[in-house]
Amino acid sequence: MLCTALGIVLGVVVALYALFELHYFLRMCLCVLSARFLKKRMHILDTSSVVGLCLTNDIDTLLYHMNNARYLREIDFARVDFYERTSLYRTIRSKGGSVVQGATTIRYRRFIRPFTRFTITSRIVYWDNQSIFMEHRFVGGTDGFIHCIALCRQRVMQCSVDDVMAALLKSGIGLQTAVVGPKKPPVTSSTEYLDRAENGASGVAGEPASLSKPDLPPEVAKWLEWNEISSACLRGEC
């Protein structure tokens, strides 16, 4: 009887792995539970961090670095962590909306070797009335080198992004504040804004954390321009 039960359980597990990528769904559930119940809440302009490890099921056929497609999967887990800890997804749903991945651009700078630890940092760099733009960085666990950087456009449907962000900006949950000191000049470029954001919501010691919408980064502006050109070309082929 015990052997029969074990055989049935084993058969079910094998069938699930054959039909679905079971470990992906299990890890996603663990990410949601961890972010919701174990980790600290964050303000929407804070930067989240999740730690990853390149294992043998992450490497490509050359066997000495992470497969390019795995980076995007790891971003999925980092994004879920950000969504849960900032209440971004719950706020979108509370307003009757939904969110999907609209576009992604990714740049690889250096291999991530097998059994190497890395950290994925995630933050919002801009939003308009329809989309939220997030940046994800793969940072080396020992040297701090940025191995990969990705920009993702989260398309929000059935509700206004401005309304969602206004509600989250007012919440003040987890917002990091800095020690009072000399005031710094306003942010004038995306590079300056992102560098300062790495050190907290304000990013600069002595400057109060800003609750205002960031300026459109030039790389995002160029990327949006490329997307518009691509869409126009595709519409012309239909």
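Source: prediction; values computed, not measured.

The rules we used
- Residues numbered from 1 in each chain as written.
- Predicted model: local features only at pLDDT ≥ 70, side-chain atom pairs only at ≥ 80, totals over all residues.
- Heavy atoms only, no water.
- Helix = DSSP H or I, 4+ residues; strand = E, 2+ residues; numbered from the N terminus.
- Buried < 20%, exposed > 50% of the residue type's maximum accessible area, 1.4 Å probe, protein only.
- Contact = heavy atoms within 4.5 Å.
- Areas by Shrake-Rupley, 256 points an atom, 1.4 Å probe, with all protein chains shown as cover.
- Expected span 1.5 Å × (residues − 1).
- UniProt positions renumbered as here; feature names shortened; annotations may be inferred.
- Pairing = 2+ DSSP bridges.
- Axes fitted to C-alpha atoms, helices over the stretch in contact; angles between N-to-C directions.
- Patch = residues over 30% accessible without salt bridge, like charges linked within 9 Å, V, L, I, M, F, W, Y side chains within 5 Å.
- Salt bridge = Lys/Arg side-chain N within 4 Å of Asp/Glu carboxyl O.
- Core = buried A, V, L, I, M, F, W, Y, C linked by side-chain atoms within 4.5 Å.

**What about the overall build of the chain?**
Moving on, step 1. Helices and strands together make up the secondary structure of the chain, namely seven helices and five strands.
Moving on, step 2. Looking at the chain as a whole, 41% of its 238 residues qualify as buried.
Moving on, step 3. Taking the contacts inside the chain whose residues are at least 6 apart along the sequence as the reference set, 73% of them involve residues at least 24 apart.
Moving on, step 4. Split by element, the accessible area of the chain, about 13500 Å² in all, is 62% carbon and sulfur.

**Let's talk about the environment of Asn-57**
Moving on, step 1. As for its position among the elements, Asn-57 is in the loop between strand 1 (48–53) and helix 3 (68–86).
Moving on, step 2. A relative accessible area of 41% places Asn-57 in the partly exposed class.
Moving on, step 3. If we ignore the near neighbours within four places in the chain, the residues touching Asn-57 are His-23 and Arg-70.

**Describing helix 1 (residues 2–19)**
Moving on, step 1. The end-to-end C-alpha distance of helix 1, which contains 18 residues, comes to 26 Å, matching closely the 26 Å that a straight helix rising 1.5 Å per residue would cover.
Moving on, step 2. Burial within helix 1 is sparse, with just zero of its 18 residues counted as buried.

**Brief notes about the UniProt feature "transmembrane region" (unreviewed entry) in the chain**
Moving on, step 1. Summarizing the sequence annotation, UniProt attributes the feature "transmembrane region" (unreviewed entry) to residues 6–33 in the numbering used throughout.
Moving on, step 2. Spanning residues 6–33, this segment combines 93% helix with 0% strand, and its end C-alpha atoms are found 28 Å apart.

**Focus: the sheet that holds strand 5 (residues 146–157)**
Moving on, step 1. Read across the sheet, five strands follow the order 1-3-4-5-2 without closing on themselves; strand pairing throughout is antiparallel. The two strands at the open ends of the sheet, each matched to only one other strand, are strand 1 and strand 2 (98–108). The mean inter-strand angle of the sheet, taken between neighbouring strand axes irrespective of direction, is 25 degrees.
Moving on, step 2. Pairing of strand 3 (residues 117–127) with strand 4 (residues 131–140) involves nine bridges; the strand directions are antiparallel. Among the inter-strand pairings, Ile-124 is bridged to a residue of strand 4, identified as Met-134.
Moving on, step 3. Against the sheet, helix 5 (residues 161–171) contacts strand 3, strand 4 and strand 5, and its axis sits at roughly 115 degrees relative to strand 3.
Moving on, step 4. Here helix 7 (residues 218–237) sits on the sheet and contacts strand 2, strand 3, strand 4 and strand 5; the angle it forms with strand 5, its principal contact strand, is near 60 degrees.

**Topic: a nonpolar patch on the surface**
Moving on, step 1. On the surface, a nonpolar cluster with roughly 590 Å² of combined accessible area is contributed by Ile-8, Val-12, Leu-16, Leu-19, Phe-20 and Phe-25.
Moving on, step 2. Here the nonpolar patch gets four residues from one element, more than from any other, and that element is helix 1.

**So, the nonpolar core**
Moving on, step 1. Core analysis: the largest hydrophobic core is formed by 19 residues, its most contacted members being Ile-44, Phe-82, Leu-88, Ile-124, Trp-127 and Ile-132.
Moving on, step 2. Broken down by secondary-structure element, the contributors of at least two residues to this core are helix 3, helix 4 (88–94), strand 3, strand 4 and helix 5.
Moving on, step 3. Broken down by element, the residue count for this core peaks at five residues, all from helix 5.
Moving on, step 4. Contacts of Ile-44, omitting those with residues within four sequence positions, involve Phe-82, Thr-86, Leu-88, Ile-124, Met-165, Leu-168 and Leu-169.
Moving on, step 5. Cys-54, Ile-112, Phe-118 and Phe-138 belong to the second largest nonpolar core, which has 14 residues in total.

**Structural notes on the pattern of salt bridges**
Moving on, step 1. Inspection of the entire model under this criterion finds 11 salt bridges.
Moving on, step 2. Across the pair Arg-110 and Asp-143 runs a salt bridge, and its minimum N-O distance is 3.5 Å. Here Arg-110, found in the loop between strand 2 and strand 3, pairs with Asp-143, found in the loop between strand 4 and strand 5; they are 33 residues apart in sequence, far enough to count as distant.
Moving on, step 3. Judged by relative accessible area, Arg-110 falls into the partly exposed class, the value being 41%.
Moving on, step 4. Note on Asp-143: relative accessible area 46%, which makes it partly exposed.

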